[in-house]
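# Secondary and tertiary structure notes
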Amino acid sequence: MNDLNDMFFQECDDLLEGLSSGLNNLEDGGGDAETVNSMFRAVHSIKGGAGAFGLNQLVGFAHALENVLDDVRAGKLTADETVVALLFTAGDHLSDLVDAARHGNDLPPEQGASILSDLKSVSGATHSGSEPGGDAAKEEPPAFEPMALTVDGGLPALADMLSPVESEPLTITFKAHPQLYANGHDPALLFRGLEGLGNLTVEADLSTVVPLRDAPWSTPSLSWKITIRPDDLVDEAAVREIFEFVEGLCDLEIGAETAPPPGDADSVPALAAPSPSAAPGQATQAVAAKNAPAARSSTIRVDLQRVDRLINLVGELVIAEAMLRQSMDEMPHSANTGVDDAMSQLKQLSGAIQERVMAIRAQPVRSLFQRMSRIVRETSKEAGKSARLVTIGDATEVDKTVTERLVDPLTHMIRNAIDHGLETPEQRRAAGKDERGTVTLEAAHRSGRVVITLRDDGVGINRARVRQIAQHKGLIRPEDDLTDTDIDNILFRPGFSTVDAVSNLSGRGVGMDVVRNEIQSLGGRVTLQSEPGAGTSVTISLPLTLAVLEGMVVRVADQTLIVPTSPLREMLQPGQARIHTLCDGDRVLALNDELVPITDLGAALGYRADPVSLDLQFLLLIEGDSGHRSALAVDTIAEQREVVIKGLEQNYESIPGIAAATILGNGKIALIVDTDQMIPVPGKGSAVNRPVPGVTGDALHA
Amino acid sequence: MHENEKDSKSVNRVEIVCFTVEKQDFCVEIAHVLEIRGWTSTTALPHAPDYVVGMMNLRGTVLPVVDLSLRLGFGKTEAGERHVIIIAQIDEKVVGFLVDAVSDIITVDEAEMQAPPDVLSARTQAFIRGIHTVDDDLVRAIDVRAVLPQGDRVDA
């Protein structure tokens, strides 16, 4: 039962995502018939599943929404701005209801009451009532029925709606495929559903039933002919709706009055589409249109843990391959080129496997972006601003963990952009801008990294004000000479907020520093550009995967360490650098008129007690996200290579100055340096010189 | 019949892995032990307690190795080829214990384990769960959670 439940809610997530992408399509004016159709199906499936689990609140709301979508689908309702806005709100509420149901709750009824009544009022006037026994169906006075026949009367809309309803019998030929039974459907239940529509006659066609002793007895051969004399306003669509869940699992023909010639249905091969000659053209067309979207790309749901285990194994395969390669290199030089060839083939294969396996975890950012569109709607409403979200490159694929962990930072950034960035509609008009602000989310792959940019076309950062507040809070000194970038970066400092009165939206005790920390923990960088009057853009640059990292292998005090290459700016050979010793043994590197502090990596990590002479040391110039630089002194630089990241926290605990570990080709473990912790914060000293856990926080407040 | 059943299938019967550290007998429950490995070199960790020898690679898993001798107060082990590492799983974590040798796997009755006498040091109280008497020898049962690096911080 629980599994079923889980499956339903997982499916709901997918369906809601489909609904939301359809709505975005509709809003952009690109909503064709198929868009509306797929939205309708999504809501309908949610309703169907919710009904099976007895989630009445969900069913009721989904039904109302479905009715509106049905009207849009049928062209009875134009999807203008108000309708789309209503659909958006309804979609959000539906997802709230699904969430509530997932946790076994109902939402307080008043919460969706206004949305529900809006939906009903939009659809109520025109709706034909497809739900058996539904209110809408009963509200239609049967007296209208005769008028439907006089199509040339003065009521085209109504007539349109009622036209297929002649109270003449519908003939349905139904033949189930084996898969229908395998999926647990029962024809008897379908017939019972039909019974709700009107007087029903079901006739089983026994002519094709083979005697049991003649195999194959596992193939169902029964077909049914059903004649239905509808009670009232039942059209073909209502009948189809009953069969919606077995769509594609049966041969279904619905014809008005003219019964197909006996035996014709039986001659249709089990898997072929219904023969056009058997049914009136209209029905066939509908079937064809409904079958088309069923041919979607085939996917399977896999437990993420299984994928992760596979990824781990492949990581080990790559390591084993490297170990093999290394011990071969150490062997006396042999003339056996065959082994060498086989080795390089193995290397290629294992590399390819690793790449493919990583790709399994990669997911388009679309679902992440769609969640953000809701944030934009809600925030702009709360802030009394008008905003729309434009997404670019939402097919860009990113590791699933990354997309999940980007939800909070992005949410916060969007709230900031709307609350602080965008002006009110009046201000925007005065500034000669479109009253409606635009927030753009863009994702792209750029040189082995994923770059996500959030842009708004608001006022930009008020640097004078930022400076003033930062001084007031003691983050900077009045005499500090700061560039524009420096000032922009103040926004990332802990405890900074430009709005004095903590607003209900963005100032919830977390600032951009939290955003930066989260991005950094994903191995990413955040940068910010702003142009006064034209807007602000925040750029997040992330590694493609969290599992592999490009690094320099270095030796320090007989230890092998990895320095990630992404913050690496320059490498200096011994004697190449101009080094000055300040007091207390602190040394700096003079580089293009800039003085860069030097950190002896061995001493910083406690591998040796005292910093050594720099005469024979290599220097690695690194730059942190804050733009501050530091030079790491190491004994030797061995090579640059890709390493598989192994977390330390799983079996041990986090280590100051160390980001993770990896396994080298010789099977030995090497630690990966956390470069950000190696960069001294100006005026605060280096973080790692104090060997206390949680150094960064302590050092900042020291 | 009833008595018999209790004898052979009692829930109190546990298998323990006995090992020696500095010629003393210790044991852990076999349920914790994943495997026993020969000594392998480890990678030293910065800012780690001295009894954490370093990180070892167990077929792609990176795990810390604890010098049980030092942790229990006997002094540092100069690890070499003759030493063994007991790979143990404690809750979600996998840890290696560096010991002198593994001697036996025996079955004991948990109910007959004696509590360590009250007079002993804080370290003994924290790390020794109890004492089994096996053929006149005392086998100390280690509290595996307490000896972990992130277990109770008991300083010497």
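Not measured: the values here are computed from a predicted model.

With that settled, consider the overall build of chain B. The number of helices and strands found in chain B is 4 helices and 10 strands. The secondary structure elements of chain B, listed N-terminal to C-terminal, are α-β-β-β-β-β-α-β-β-β-α-β-β-α. The buried share of chain B, reckoned over its 156 residues, is 32%. Considering only residue pairs separated by 6 or more positions, chain B has 54% of its internal contacts joining residues 24 or more positions apart.

As a further point, take the overall build of chain A. Helix and strand counts for chain A come out as 23 helices and 22 strands. Taken across its 702 residues, chain A has 34% of its residues classed as buried. Counting only contacts in chain A whose residues sit at least 6 apart along the sequence, the fraction spanning at least 24 positions is 66%.

Turning our attention to the sheet that holds strand 13 (residues 559-564) of chain A. All names here are of chain A. Taken in spatial order, the 5 strands line up as 20-12-13-22-21 in an open sheet, and their pairing is mixed. Edge positions in the sheet fall to strand 20 (636-644) and strand 21 (658-663), since each has one partner strand and no second. Strand-to-strand twist across the sheet, computed as the mean angle between neighbouring axes with direction ignored, equals 35 degrees. Pairing of strand 21 with strand 22 (residues 669-673), which is carried by 5 bridges, proceeds in the antiparallel orientation. The partner of isoleucine 658 across the bridge, within strand 22, is valine 673.

Take the packing of helix 16 (residues 366-383) of chain A against helix 17 (residues 400-421) of chain A next. Residues and elements named next belong to chain A. One way to put it is that helix 16 packs onto helix 17 with a least axis distance of 9 Å and a crossing angle of 30 degrees. What the angle tells us is that helix 16 and helix 17 run roughly parallel. Considering how the two elements wind past one another, helix 16 and helix 17 form a crossing that is right-handed. Residues Leu368, Arg371, Met372, Ile375, Val376, Thr379, Ser380 and Ala383 of helix 16 lie in contact with helix 17, whose contacting residues are Thr403, Leu406, Val407, Leu410, Thr411, Ile414, Arg415, Ile418 and Asp419. Taken together, the residues of the contact of helix 16 with helix 17 sort by class into 10 nonpolar, 4 polar and 3 charged.

Here we take up the confidence of the model for chain B. All names here are of chain B. On average, chain B scores 83 in pLDDT, and the residues at 70 or more come to 87%. Mean pLDDT in chain B bottoms out at helix 1 (residues 2-9), which sits at 47, and peaks at strand 6 (residues 84-90), which reaches 93. Segment residues 1-8: pLDDT under 50, and 0 contacts once partners within four positions in sequence are set aside and those in other chains are kept. Across residues 152-156, where pLDDT falls below 50, the model places 7 contacts with residues more than four positions away in sequence or in other chains. Scored by ipTM, the complex comes to 0.82, with pTM at 0.51.

On the chain A side, the residues contacting the 17 residues of chain B number 25 residues. Elements that contribute at least two residues to the side of chain B that touches chain A include exactly strand 4 (52-58), strand 5 (61-67) and strand 7 (93-99) of chain B.

Moving on, we get to helix 14 (residues 304-330) of chain A. Residues and elements named next belong to chain A. Relative to the 39 Å expected for 27 residues at 1.5 Å per residue, helix 14 spans 39 Å between its end C-alpha atoms, a close match to the ideal helical length. Every buried residue belonging to helix 14 is among Gly315, Val318, Ile319 and Ala322, and all of these are buried. Its buried side turned inward, helix 14 meets helix 15 (337-361), strand 20 and strand 21.

Another aspect to go through is the environment of B:Pro117. Residue and element names in this part refer to chain B. Here proline 117 is to be found in the loop between strand 8 (101-109) and helix 3 (122-127). For proline 117, a count of 9 C-beta atoms within 10 Å translates into the label exposed. Along the backbone, proline 117 and glycine 130 are 13 residues apart, and their C-alpha atoms lie at a distance of 9.0 Å.

With that out of the way, let us pick up unusual backbone geometry. Of note, A:Ala557 is a non-glycine position whose phi angle comes to about 45 degrees, a positive value. Looking at the element boundaries, A:Ala557 is found in the loop between strand 12 (548-556) and strand 13. One non-glycine residue, B:Glu22, adopts positive backbone phi at about 50 degrees. Mapped onto the fold, B:Glu22 is located in the loop between strand 1 (13-21) and strand 2 (24-29).

Turning to the environment of A:Gly647, a few remarks are in order. Note that A:Gly647 resides in the loop between strand 20 and strand 21. The partly exposed category is assigned to A:Gly647, around which 13 C-beta atoms lie within 10 Å.

On to the sheet that holds strand 16 (residues 587-591) of chain A. All names here are of chain A. Reading across from one edge, 14-18-19-17-16-15 is the order of the 6 strands in this open sheet, with mixed pairing throughout. For this open sheet the edge positions go to strand 14 (568-572) and strand 15 (578-581), each flanked by a neighbour on one side alone. With strand direction ignored, the average angle separating the axes of adjacent strands in the sheet is 30 degrees.

Next up on the list: the nonpolar core. All names here are of chain A. If you look at the biggest cluster of nonpolar residues, it comprises 81 residues, and the most contacted ones within it are Leu632 and Ile672. Counting the residues that make up this core, at least three belong to each of domain 3 (306-362) and domain 5 (548-701). If we skip the residues at most four places from it in the chain, leucine 632 touches Val563, Thr599, Leu601, Leu619, Leu620, Ile622 and Met678. If you look at the next biggest cluster of nonpolar residues, it comprises 35 residues, including Val398, Ala417, Leu454 and Ile519.

All names here are of chain A. Mean pLDDT for chain A: 75, with 78% of residues reaching 70 or above. In the model of chain A, helix 23 (residues 695-701) stands out as the element of lowest mean pLDDT, 33, in contrast to strand 22, which has the highest, 91. Residue range residues 500-509 is modelled with pLDDT below 50. Its contacts to residues more than four positions away, or to other chains, number 15 contacts. Residue range residues 684-702 is modelled with pLDDT below 50. Its contacts to residues more than four positions away, or to other chains, number 32 contacts.

To continue, consider helix 2 (residues 33-52) of chain A. Residue and element names in this part refer to chain A. Between the first and last C-alpha of helix 2 there are 28 Å, a value that for 20 residues agrees with the 28 Å anticipated at 1.5 Å per step. For helix 2, every residue scored as buried is listed here: Thr35, Val36, Met39, Phe40, Arg41, Ala42, Val43, His44, Ile46, Lys47, Gly49 and Ala50. Of the residues one or two after helix 2, glycine 54 is the one with positive phi, at around 70 degrees.

A few words now on the packing of helix 14 of chain A against helix 15 of chain A. Residue and element names in this part refer to chain A. Interaxial distance between helix 14 and helix 15 falls to 10 Å at its minimum, and their mutual angle equals 160 degrees. Classified by the angle their axes make, helix 14 and helix 15 are roughly antiparallel. Like other packed secondary-structure pairs, helix 14 and helix 15 cross with a definite hand, here left-handed. On helix 15, the residues that touch Val307, Leu310, Ile311, Val314, Leu317, Val318, Glu321, Arg325 and Met328 of helix 14 are Val339, Met343, Leu346, Lys347, Ser350, Ile353, Gln354, Val357, Met358, Ile360 and Arg361.

Turning next to the environment of A:Leu16. Along the polypeptide, A:Leu16 turns up in helix 1 (residues 2-27). Judged by C-beta crowding, with 22 C-beta atoms within 10 Å, A:Leu16 ranks as buried.

Here is what the cut-offs are and how they apply
Each chain has its residues counted from 1, following the order in which its sequence is written. Working convention: letters from A go to chains and numbers from 1 go to ligands, in the order in which they are written. Confidence filtering applies because this is a predicted model: local features only for residues at pLDDT of at least 70, side-chain atom pairs given and counted only at 80 or more, and all residues used for totals across whole chains, interfaces and linings. Each helix is a run of H or I in the DSSP string that is no shorter than four residues. Each strand is a run of E no shorter than two, and both are numbered from the N terminus. Exposure in this text rests on C-beta crowding, where 20 or more other C-beta atoms within 10 Å of a residue's own make it buried, 12 or fewer make it exposed, and counts in between make it partly exposed. The C-beta atoms are placed from the backbone. What counts as a contact here is a pair of residues whose C-beta atoms, placed from the backbone, lie within 7 Å. Pairing between two strands requires that DSSP report at least two bridges joining them. Only C-alpha atoms enter the line fits that serve as axes; for helices the fit covers just the stretch in contact. Angles between N-to-C directions range over 0 to 180 degrees. Throughout, the term roughly parallel applies to angles under 35 degrees, roughly antiparallel to angles over 145, roughly perpendicular to angles from 65 to 115, and oblique to all others. Two helices that cross are described as forming a left-handed crossing if the nearer one is turned anticlockwise from the farther one by less than a right angle, and a right-handed crossing if clockwise. All amino acids are sorted into three groups, where Ala, Val, Leu, Ile, Met, Phe, Trp, Tyr, Cys and Pro are nonpolar, Asp, Glu, Lys and Arg are charged, and the leftover types, Gly among them, are polar. Confidence scores per residue from the predictor, reported as pLDDT, run from 0 to 100. Multiplying 1.5 Å by the helix residue count minus one yields the expected span of that helix. A set of buried Ala, Val, Leu, Ile, Met, Phe, Trp, Tyr and Cys residues, joined through C-beta atoms within 7 Å, is what we mean by a nonpolar core. Each domain span listed reflects an automatic or database assignment of domains.

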